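# Close look at the chain arrangement
The residues making up each chain are set out below.
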Protein chains: 2
Amino acid sequence: MSRPFYRAAAVAAASLAMLSTPTLHADEGMWLYTNPPLKQLKEKYGFEPTPQWLEHLQKSSVRFNSGGSGSFVSADGLVMTNHHVGADDLQKLSDIKKVDYLKLGFEARTKADELKCPDLILDVLQSIKDVTAEVKAAVTPDMAPADAVKARQQKIEELQKAGTDKAKGVRADVVTLFAGGAYHLYTFKTYTDIRLVFAPEKQAAFFGGDPDNFEFPRFDLDMCFFRVYEDDKPLKCEHHLKWSAAGAKENELTFVSGHPGRTNRQNTVAELEYLRDIGYPSVLSRLARLEVLLGSWVARSEENRKKGEDDLFGIQNSRKARIGGLQGLQDPKLFNRKREEEKKLRAYIETLPAAEKEAGLKAFDAIAVAQKKRAEYLKDTVAFGFNSQAFGTAQTLLRYADEMKKEPKDRLPEFGETRLTSLKRSLLSPVPVEVDYETLKMADSLSQFAIAYGADNELVKRVLAGKSPQERAYELVSGTKVIDLATRTKWFEAKEAPESDPMIALARLVDEPTRALRKKTEAEVDEPKRQASAVLAKARAAMDAGNTYPDATFTLRLSYGPVKGYTENGKQVPAFTTMAGLYERSKQQGNAGPFELPKRWEEKKQSLDLTTPFNFVSTADIIGGNSGSPVVNQAGEVVGLIFDGNIQSLVLDFIYDDTQARAVSVDSRAMVEALRKVYDAAWLADELEGKKK
Amino acid sequence: MSRPFYRAAAVAAASLAMLSTPTLHADEGMWLYTNPPLKQLKEKYGFEPTPQWLEHLQKSSVRFNSGGSGSFVSADGLVMTNHHVGADDLQKLSDIKKVDYLKLGFEARTKADELKCPDLILDVLQSIKDVTAEVKAAVTPDMAPADAVKARQQKIEELQKAGTDKAKGVRADVVTLFAGGAYHLYTFKTYTDIRLVFAPEKQAAFFGGDPDNFEFPRFDLDMCFFRVYEDDKPLKCEHHLKWSAAGAKENELTFVSGHPGRTNRQNTVAELEYLRDIGYPSVLSRLARLEVLLGSWVARSEENRKKGEDDLFGIQNSRKARIGGLQGLQDPKLFNRKREEEKKLRAYIETLPAAEKEAGLKAFDAIAVAQKKRAEYLKDTVAFGFNSQAFGTAQTLLRYADEMKKEPKDRLPEFGETRLTSLKRSLLSPVPVEVDYETLKMADSLSQFAIAYGADNELVKRVLAGKSPQERAYELVSGTKVIDLATRTKWFEAKEAPESDPMIALARLVDEPTRALRKKTEAEVDEPKRQASAVLAKARAAMDAGNTYPDATFTLRLSYGPVKGYTENGKQVPAFTTMAGLYERSKQQGNAGPFELPKRWEEKKQSLDLTTPFNFVSTADIIGGNSGSPVVNQAGEVVGLIFDGNIQSLVLDFIYDDTQARAVSVDSRAMVEALRKVYDAAWLADELEGKKK
């Protein structure tokens, strides 16, 4: 349930029939910084970014490992992102400080007031090295799938270890691109001392709530500011983005630098059919159940709301995104366009030399077979995926104890040597587990587990231990010590997982079936798909002569496109909204529920310039994970902050189009206007605008 | 989605282990008026109701055919029920009058102001005749299931026809009891001129909304008043309930006369297993999807809210009830109690003469086989059940046209001669269909249809006609003329259903598979179960020596039990709440959302006696359909109005217990206090209290 991750971004269903099927469409592309769209930018916009321009934007971009994007926006390590990206940290700090910062907002007038986040980690990409040849050489064609996985994993570990320098906070990750068609070694500077600087009230950041989510026109101040510290001092940033004095104009070319989470554009028809008929319906069914469960629980009391509303928002967000995706997949016109694309690739493969041709055609079949296996294992995958932080912790502790007895090369990948630091950090995070909330979720998981196999199944009976799902969940959650940080730390350090703890005992009970499931999924689904997709990706890249980009993988990408309105149901939707629109929308909806104005906004209305642009749309190719990305102009100055895509952008998961699909941003001018006049935070506006005190 | 029908009512899971398994438990029972619990009442409470007492209560009781209960409460045909039972009519009148009575409430100060409901029908039970022997004689053991169904149906039609006197507004229904163990001919006086008299604001009636639904303590004024007219004059009621001057006291014996919708207490273990592992999970999954779909749509605008909120409430209500039911079924201790009950019945059957014994044991097997078939047909049943009023209308018009060409005896039962009047009335109801709302629901149904069979299935392709579910739904709903009353009336009168209409064409397209599905469900599931359940019911009745009651069937029943608090998590929950509690709960919840007080209640707070009892709980055995039932004391005077069951009552569907399960009522004193002091409706309070002007 990585929240901002699934902020998906499209295609107006009705317009698809008229489209031809070019390899690249208009401003399409989530480009690698190692292969930017120089040709397109020059030809269409007459703009030629220099290597320095690109490097500056790259090194000003920040990845939130909790699932989102951000950027450095001052020389003193100030980081800009979305409120909804920072929500997780606002929640955790609220728990610790017993003040609801998520709801009420937060402002640190001095650096001493800035609050350190318990487990937030930010990464800044420093360098990229192509290691495709080395990784591929580790796997030979005669290897069994399980051996291939292991061999590749060992090579990757080796490369990562060589690139990592813990002392300097440097981490190296091998990222998989083009579905295994390429491997790049990304080196990051990793920051772990991140402090909260400013957040508006949730009502301002998420005005319109779930009803207006993925909609446009919008009026959201979805921003949040953190500061990176190093050696207990604000980070001095060589690379940070300047603020634009004028903001963006309609039709002006803009750029987005961020971390799109996942797209499925290179999926074969077999994979899309699976998603359409099985995968998405299954996820949506789970999301709907959880939305109803959490929604009704959260509404019961103010205390419940605090505990569950962030998860609830994440679920609602995923739900809207998936519904949009399903609608696209269920549109025969869109689906046929994907079929045509595949035909074109098949036709190209037919022209290749015999061995490549055979491999290419076999790859389609291998993927189709793997999808059948995926469908076969879906029930087990869902049933054993207990929605409980306490269970997850218990399982990790148990496996850690078991795996650390093995040689590093024989361990599950997440217990590889280079992963232990982040494993420890996340496992020993001080975030408390709320017993009642955890019980609610665990009871639901146990109930679903019983439904999956029937309540009379032997394993179900052992898991429930003669109790109802509710009673059993309460017994497990209130009885486990894994949610106690001191105990958890002790067991982790001692590499032990005592089965006298009820949750660890449960993790042991399901350890064999869950390991077996993981093993066969890896061997029969993931690895065959990885190999086959790499073959197809190679063919596709050859067909496209390199002028292409890989599917999104939560790695840094560059997108571009002009600020631009669109037409909907015959009406023109302008590119910009204004602050006046916020007050109108609130009035229309009776100033109630998610449309209720924060008090400060009511009080300060008179002092605001209501013509200030508030949110705007552009054609940039983004998707979930891009939340919090900076929008910059050709001078590299901040003109906006990505926070959403419109409803028509929800099929960007599979296919790009710019007829109606739009990325939605907060305008830089609204941020400064609100900071100065609503929040009396001129100091922060000054820092953004580079005005020295 | 018959809303108040699933107001389910229980057993504290934790307490079940300690219970023995008597045939009847404490104040258990939804008793037939022909077999009231005289023995229990006398023994436990020393109360002996006379035949006149029973007849008066029976004839004062009213059935809302839209799914709820009510009662005559004045000599001038005034009918009391719940706001949520009347909600459907409030919505329809709001549509017609373009004023939101559902939200704002309604008051007719004079009879001339009373608003006639477009399609509300009320039934009052006049007489009951046992026709078991006649109905059973129509079916001989050598008949094939389909023939048995037809023969029984013909006999039932014949009895109903003989008992019906249209001119006098008298209708006769053969009701099936004990799962086919008994058939009774119920004769009703049917009223069709029903006018709205008074309703409070929804915020007062449904204070606490979905979060507090099925919870206690509660503070809801869930009441609504209608008036029955005959020959354009208020009905003169010989039988109507007097108002109690003093209300009820803690531990006082009370009675509930109403129409519990459905219980499954006589289900075999095979049936309960089906519900636990398949049936309830399937319904809950559908409800969660619809709750999310409608919930997010309703929140988008005030207009949407008006169109969808009543349905949404119905879905939330069903969801809570089903979750409660599932929790009970998934509790091994409760389930084992049901297994013990079945063992006891089996043991009794073993003692019967050979033929009866064989039939009894075979019946268990027949039910188990039928449940397997039910599971097999579930997917089709759900997939073809399009959630669209327009589709339903088109299908009825089409089948009406087809069936009316046949002999009456060969028709589908709903087109039998005695059913045509009510068929016509419901089909030609003037309630408008909202195109956008209907499109939303139909698009969801079409999407689910495509998921059920895969988008590449031939019938799916024909149903979608090359379009996305959204486009296709819009085309169907905006193109069909069946939602136009004049056209619908013309086609109905002419017994035609032109397939040039897109929705009728769709109904034709799926007519063969849906008829086939219905036929095999009837032959392989419903009829075998009916026969087998009748055998078991007979054995059970013999075992219980007649001292029992049939499962609920939305027919009139008498329940009883004292007003009584309970203990929850070690704390005592008092039987009564007060008006002061309303203001406290609202304050706790920030006076927001479903906890926002209506303005009038804020203004009139000072004039109210805040110690007035507001809601109370009793041990009476009720379930969904009982909503709106009067609660009377031993003198037959109104002391309350049933509107809910607490969360612990949600397994009453399967088993009765009085440890924590409680029926929740509005106190009669709160109704009068609010009418006089909040609503300035002394005229109505006077009419209730029998004070002549």
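Here, residues in each chain are numbered from 1, in the same order as that chain's written sequence. Chains and ligands are labelled by the order in which they are written, letters from A for the one and numbers from 1 for the other. Where local features are concerned, this predicted model is filtered to residues with pLDDT of at least 70; where side-chain atom pairs are given and counted, the filter is 80 or more; whole-chain, interface and lining totals use all residues. Hydrogens are left out, water is left out, and the side-chain values use all remaining heavy atoms of the structure.

### As for the overall build of chain A
To keep things clear, this is the line we draw: What counts as a helix is a DSSP run of H or I of at least four residues, what counts as a strand is a run of E of at least two, and both are numbered from the N terminus. With C-alpha atoms as the basis for the radius of gyration, the globule rule is written as 2.2 Å multiplied by the number of residues raised to the power 0.38. Partly exposed describes any residue whose relative accessible area lies between the buried limit of under 20% and the exposed limit of over 50%, with all areas from a 1.4 Å probe on protein chains only and scaled to the type maximum. The method behind every accessible area is Shrake-Rupley, applied with a 1.4 Å probe, and residues are considered shielded solely by the protein chains displayed. In this tally Asp and Glu are treated as negative and Lys and Arg as positive; neither His nor the chain ends contributes. For this purpose, a charge sits on NZ of Lys, CZ of Arg, CG of Asp or CD of Glu.
When you go through chain A residue by residue, the secondary structure sums to 24 helices and 20 strands. A globule of 693 residues ought to have a C-alpha radius of gyration of about 26 Å, and chain A, at 25 Å, matches this closely. Expressed along its principal axes, the backbone C-alpha trace of chain A runs to roughly 65 × 65 × 50 Å. Across the 693 residues in chain A, those meeting the buried criterion constitute 59%. With the model as given, the accessible surface of chain A reaches about 26400 Å², and the carbon-plus-sulfur share is 53%. Side-chain charges of chain A comprise 99 positive and 100 negative groups, with the mean position of each set lying 1 Å from the other.

### Observations regarding the interface of chain B and chain A
In plain terms, the rule: In this analysis, two residues are considered to be in contact whenever any of their non-hydrogen atoms come within 4.5 Å of each other. Here the quantity called buried area is the total loss of accessible area, with a 1.4 Å probe, experienced by two parts when brought into contact, counted for both. The salt bridge criterion pairs a side-chain nitrogen of Lys or Arg with a carboxyl oxygen of Asp or Glu, the two atoms within 4 Å. Gly falls in the polar group here, along with every residue not listed as nonpolar (Ala, Val, Leu, Ile, Met, Phe, Trp, Tyr, Cys, Pro) or charged (Asp, Glu, Lys, Arg).
Each partner contributes residues to the interface: chain B has 42 residues there, and chain A has 41 residues. A combined buried area of about 3200 Å² lies between chain B and chain A, and 50% of that area is made up of carbon and sulfur atoms. Summed over the shared surface of chain B and chain A, the result is ten salt bridges. The shortest N-O distance in the salt bridge between Arg-276 of chain B and Asp-456 of chain A comes to 3.1 Å. Every element with two or more residues in the side of chain B that touches chain A is listed here: α8 (209-212), α9 (269-298), α10 (302-329), α11 (332-350), α15 (435-453) and α17 (469-479) of chain B. Element by element, the count of residues in the side of chain B that touches chain A is highest for α9 of chain B, at ten residues. Looking at the side of chain B that touches chain A, its residues break down into 13 nonpolar, eleven polar and 18 charged.

### Here we look at the sheet that holds strand β18 (residues 630-632) of chain B
Residues and elements named next belong to chain B. Cut-off, in case you're wondering: For two strands to be treated as a pair, DSSP must find at least two bridges joining them. Only C-alpha atoms enter the line fits that serve as axes; for helices the fit covers just the stretch in contact. Angles between N-to-C directions range over 0 to 180 degrees.
Strands sit in the order β13-β12-β18-β19-β20-β17-β16 across an open sheet of seven strands; the sheet is antiparallel. Each edge of the open sheet is held by one strand with a lone partner, namely β13 (557-562) and β16 (576-578). Ignoring strand direction, the axes of neighbouring strands in this sheet form an average angle of 30°. Both β16 and strand β17 (residues 613-618) contribute to a ladder of two bridges, which runs antiparallel. Its bridge partner lying in β17, Phe-576 is registered against Phe-616.

### Thoughts on the confidence of the model for chain A
All names here are of chain A. As a reminder of what qualifies: As a per-residue measure, pLDDT reflects the predictor's confidence and takes values from 0 up to 100.
In the predicted model, chain A carries a mean pLDDT of 92, and the fraction of residues at 70 or more is 96%. Every residue in residues 1-22 scores below 50 in pLDDT, and together they form 94 contacts with partners more than four places removed in sequence or on other chains. As a predicted assembly, this complex carries a pTM of 0.82 together with an ipTM value of 0.82.

### Some thoughts on the relation of the copies chain B and chain A
Where we set the bar: Superposing the copies works by least squares over the C-alpha atoms of residues that have pLDDT at least 70 in both of them.
The operation relating chain B to chain A is a screw motion whose rotation component is 180°, with 0.0 Å of axial translation and a residual RMSD of 0.0 Å. One copy is carried onto the other by what is essentially a two-fold rotation axis. In terms of proximity to the rotation axis, the leading residue of chain B is Ala-288 of chain B, whose C-alpha is 2.7 Å off the axis. Comparing contact sets, 98% of the residues at the interface of chain B also lie at the interface in chain A, consistent with an isologous, same-surface contact.

### Details of the sheet that holds strand β18 (residues 630-632) of chain A
All names here are of chain A. Strand order in the open sheet formed by seven strands is β13-β12-β18-β19-β20-β17-β16, with antiparallel pairing between adjacent strands. If you trace the sheet from one side to the other, it starts and ends with β13 (557-562) and β16 (576-578), each paired once. On average, each strand axis in the sheet is tilted by 30° relative to the strand beside it, whichever way the strands run. Note that β18 and strand β19 (residues 638-645) share three bridges and pair antiparallel. Bridged to Val-631 within β19 is Gly-640.

### With respect to the side chain of Glu-403 of chain B
Residue and element names in this part refer to chain B. With respect to the element layout, Glu-403 can be found in helix α13 (residues 389-403). Look at Glu-403 and you get buried, because its relative accessible area is 0%. With residues up to four places along the chain from it excluded, the contact list for Glu-403 reads Asp-410, Arg-411, Leu-412, Phe-415 and Arg-515.

### Side note on helix α20 (residues 511-543) of chain A
Residue and element names in this part refer to chain A. Counted only if it meets this: How far a helix is expected to stretch is found by multiplying one less than its residue total by 1.5 Å. A residue's bend is simply the angle between two axes: one fitted to the seven residues ending at it, one to the seven starting at it.
Look at α20: 45 Å from first C-alpha to last across 33 residues, which is about the 48 Å you get at 1.5 Å a residue. Along its length, α20 shows its largest kink, about 40°, at Glu-522. Just downstream of α20 lies Ala-545, where phi reads positive at about 55°.

### Here we look at the packing of aromatic side chains
Under the convention used in this document: Note on ring pairs: Phe, Tyr and Trp rings are taken, using the six-membered ring of Trp, and paired if centres are within 6.5 Å. Classes follow the plane angle, with under 30 degrees stacked, over 60 edge-to-face and the rest tilted.
Applying the stated criterion to the full structure yields 48 aromatic pairs over all chains. With a centroid separation of 6.2 Å and 80° between ring planes, the pair formed by Tyr-45 of chain A and Tyr-560 of chain A is classed as edge-to-face. One end of the pair, Tyr-45 of chain A, is in helix α1 (residues 38-45); the other, Tyr-560 of chain A, is in strand β13, with 515 residues separating them in the sequence. We classify Tyr-560 of chain A as buried; its relative accessible area is 1%. Here Phe-47 of chain B and Phe-255 of chain B contribute two aromatic rings whose centre-to-centre distance is 5.4 Å and whose plane-to-plane angle is 50°, an arrangement assigned as tilted.

### Looking at the pairing of strand β3 (residues 78-81) of chain A
Residue and element names in this part refer to chain A. Alternating positions in β3 separate into two faces, Leu-78 and Met-80 on one and Val-79 and Thr-81 on the other, with burial throughout. Here two bridges tie strand β2 (residues 68-72) to β3, and the two strands are oriented antiparallel to one another. Following the sheet pairing, Phe-72 is matched in β3 by Val-79. The antiparallel pairing of β2 with β3 creates a hairpin that spans five residues between the two strands, and Gly-77 there sits at a positive phi of about 75°. Examined bridge by bridge, β3 and strand β10 (residues 224-230) share four bridges and lie antiparallel to one another. Counted as the bridge partner of Val-79 is Phe-226 from β10.

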